[in-house]
Amino acid sequence: MSDRGANVVAVARRADRLASLAQRPTVGKVIPLVGDVTNGETRQAIIDTAARVRDGEIDLLVNNAGIGGIGPFADATPDRLRQIMEVNFFAPVELTRLALPHLAHGRAAVVCNISSVLGHRAVANKSEYCASKFAIHGFSDSLRAELAPQGIQVTLVSPSTTDSEFFDSLVHTDANQTSSSIGRWTPDRVARAALAAIKTRKSEVILSAGGKALVYADRISPPIMNAILRSKG
Ligand SMILES: NC(=O)c1ccc[n+]([C@@H]2O[C@H](COP(=O)([O-])OP(=O)(O)OC[C@H]3O[C@@H](n4cnc5c(N)ncnc54)[C@H](OP(=O)(O)O)[C@@H]3O)[C@@H](O)[C@H]2O)c1
């Protein structure tokens, strides 16, 4: 986005990654902010920093930070659920709450929540992750209807498996657990698709042919999809 002239507050916990991002030549400014989105003070600092860039206005909030875990629910600790919900649900919701007054003054502002196809159709061994993505899906649908009168759009982006570092930092997960590499999108492709959805003020986009097949087959016949996924269990 900064390549296209936007001023961006970029947030992550790893300072070295943010520093190299900020050093890239861009048209707009990249303001690095090192912090954990599960921390309330960090969330306030993110919104304050973004609001300072242009007289209290924020045009776009992208809730992208996300983590996952793989494995049976019965074997998992409560901490896996807690960590996943904190990052994937409570953090984006509370960032949205803090951003709203500033978004209301933005020009055709957008809240973009990065969800997953697993926020539309749940599968085995990812119960906590699916629950977190269903939660952000439901929150997004509700908020979209609430904010429409103010001209604020809520865009839900649902990628399929992406060739990112996601699977290197799974929470409380056996090292042998992995996900299919077939048809993985690159992070760059996901980012471009998300940006296109934001620019055209889409309510929801499901990325990848495989993702669309999963979601639309489930919408047509949940019992058939339940049977297929049970057999793969
Ligand atoms: N990868 C997939 O297959 C896939 C599929 C569907 C949806 N998604 C969703 O896509 C989004 C992006 O994931 P990704 O695939 O790009 O994973 P990734 O490569 O692991 O990137 C996650 C990003 O979030 C940041 N982050 C994680 N926890 C954070 C925290 N507590 N505070 C601040 N920043 C945090 C990470 O930076 P630091 O580690 O430096 O904090 C990193 O920049 C997530 O919401 C994910 O659920 C991913």
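Note that the structure is a prediction, hence the values are computed from the model and not measured.

Engineer: Help me out: how do you make sense of the nonpolar core in this one?
Structural biologist: The nonpolar side chains of soluble globular proteins are, as a tendency, buried together. Ranked by size, the top nonpolar core spans 18 residues in total, and within it Ile-46, Ile-47, Ile-58, Leu-95, Leu-103, Val-111 and Ile-152 carry the most contacts. Contributions of two or more residues to this core are made by α2 (40-53), α3 (78-103) and α4 (127-147). If near-sequence neighbours (up to four positions away) are discounted, Leu-103 is found in contact with Ile-58, Asp-59, Leu-60, Leu-61, Ala-109, Val-110, Val-111 and Ile-152.

Engineer: Would you mind showing me how to read the sheet that holds strand β5 (residues 153-158) here?
Structural biologist: Where strands meet in a sheet, backbone hydrogen bonds hold them as pairs that are either parallel or antiparallel. Sheet architecture is open: four strands sit in the order β3-β4-β5-β6, paired in parallel fashion. The open sheet has two edge strands with one neighbour each: β3 (60-63) and β6 (204-206). Strand-to-strand twist in this sheet, taken as the mean axis angle between neighbours without regard to direction, amounts to 15 degrees. Pairing between strand β4 (residues 110-114) and β5: five bridges, direction parallel. The partner of Val-111 across the bridge, within β5, is Val-154. Strand contacts of helix α5 (residues 187-199): β3, β4, β5 and β6, with the helix running at about 150 degrees to β4, the strand carrying the most contacts.

Engineer: What's the story with the packing of α3 against α4 in this structure? I'm lost.
Structural biologist: Two quantities define a packed helix pair, namely the angle between the axes and the distance from one axis to the other. Contact pair α3 / α4: the axes reach a minimum separation of 8 Å and the direction vectors enclose 15 degrees. Taken together, the axis directions place α3 and α4 in an arrangement best described as roughly parallel. In this structure, the crossing between α3 and α4 has a hand that is right-handed. Residue-level inspection shows Arg-80, Leu-81, Ile-84, Met-85, Asn-88, Phe-89, Pro-92, Val-93, Thr-96 and Leu-100 of α3 in contact with α4, the latter providing Glu-128, Tyr-129, Ala-131, Ser-132, Lys-133, Ala-135, Ile-136, Phe-139, Leu-143 and Leu-147. Classifying every residue of the contact of α3 with α4 by side-chain character gives 14 nonpolar, three polar and three charged.

Engineer: It is not clear to me how the pattern of salt bridges should be interpreted in this structure. Could you clarify?
Structural biologist: Note on pairing: side chains with opposite charge can pair once their charged atoms come close. Under the definition given, this model contains eleven salt bridges. Here Glu-165 ties to Arg-14 by a salt bridge, and the two come within 3.1 Å at their closest N and O atoms. Of the two residues, Glu-165 is situated in the loop between β5 and α5 and Arg-14 in the loop between β1 (8-12) and α1 (15-23); the sequence distance between them amounts to 151 residues. For the salt bridge of Glu-57 with Arg-54, the shortest nitrogen-to-oxygen distance reads 2.6 Å. For Glu-57, a relative accessible area of 25% puts it in the partly exposed group. For Arg-54, a relative accessible area of 28% translates into the label partly exposed. When salt bridges with common partners are traced through the structure, they connect Arg-14, Arg-17 and Glu-165 into a single cluster.

Engineer: Just checking my understanding: could you explain the site of the ligand for this structure?
Structural biologist: The environment of the ligand is made up of 23 residues, and the closest members are Arg-13, Asn-64, Tyr-129, Thr-162 and Ser-164. One of the side-chain nitrogen or oxygen atoms of Arg-13 is found 2.7 Å away from an oxygen atom of the ligand. A distance of 2.8 Å separates an oxygen atom of the ligand from a polar side-chain atom of Arg-14. Counted by class, the shell around the ligand contains nine nonpolar, nine polar and five charged residues.

Engineer: For this particular structure, what's the right way to read the pairing of β5?
Structural biologist: Looking along a regular strand, one sees side chains alternate from face to face of the sheet. For β5, the tally of buried residues reaches six of six residues, placing the bulk of the element in the interior. Neither face of β5 is open: one carries Gln-153, Thr-155 and Val-157, the other Val-154, Leu-156 and Ser-158, and all of them are buried. On the question of chirality, the crossover connecting β4 to the parallel β5 by way of α4 is right-handed. By the bridge criterion, three bridges tie β5 to β6 in an arrangement that is parallel. The residue of β6 that forms the bridge with Leu-156 is Glu-204.

Conventions used here
Residues numbered from 1 in each chain as written. Predicted model: local features only at pLDDT ≥ 70, side-chain atom pairs only at ≥ 80, totals over all residues. Heavy atoms only, no water. Core = buried A, V, L, I, M, F, W, Y, C linked by side-chain atoms within 4.5 Å. Buried < 20%, exposed > 50% of the residue type's maximum accessible area, 1.4 Å probe, protein only. Helix = DSSP H or I, 4+ residues; strand = E, 2+ residues; numbered from the N terminus. Contact = heavy atoms within 4.5 Å. Pairing = 2+ DSSP bridges. Axes fitted to C-alpha atoms, helices over the stretch in contact; angles between N-to-C directions. Parallel < 35°, antiparallel > 145°, perpendicular 65-115°, else oblique. Left-handed = near helix turned anticlockwise from the far one by under 90°. Nonpolar A, V, L, I, M, F, W, Y, C, P; charged D, E, K, R; others polar. Salt bridge = Lys/Arg side-chain N within 4 Å of Asp/Glu carboxyl O. Near = heavy atom within 4 Å. Polar contact = N/O pair within 3.5 Å; in protein donor to acceptor, adjacent residues only side chain to side chain. Right-handed = clockwise from strand over helix to strand, strands pointing away.

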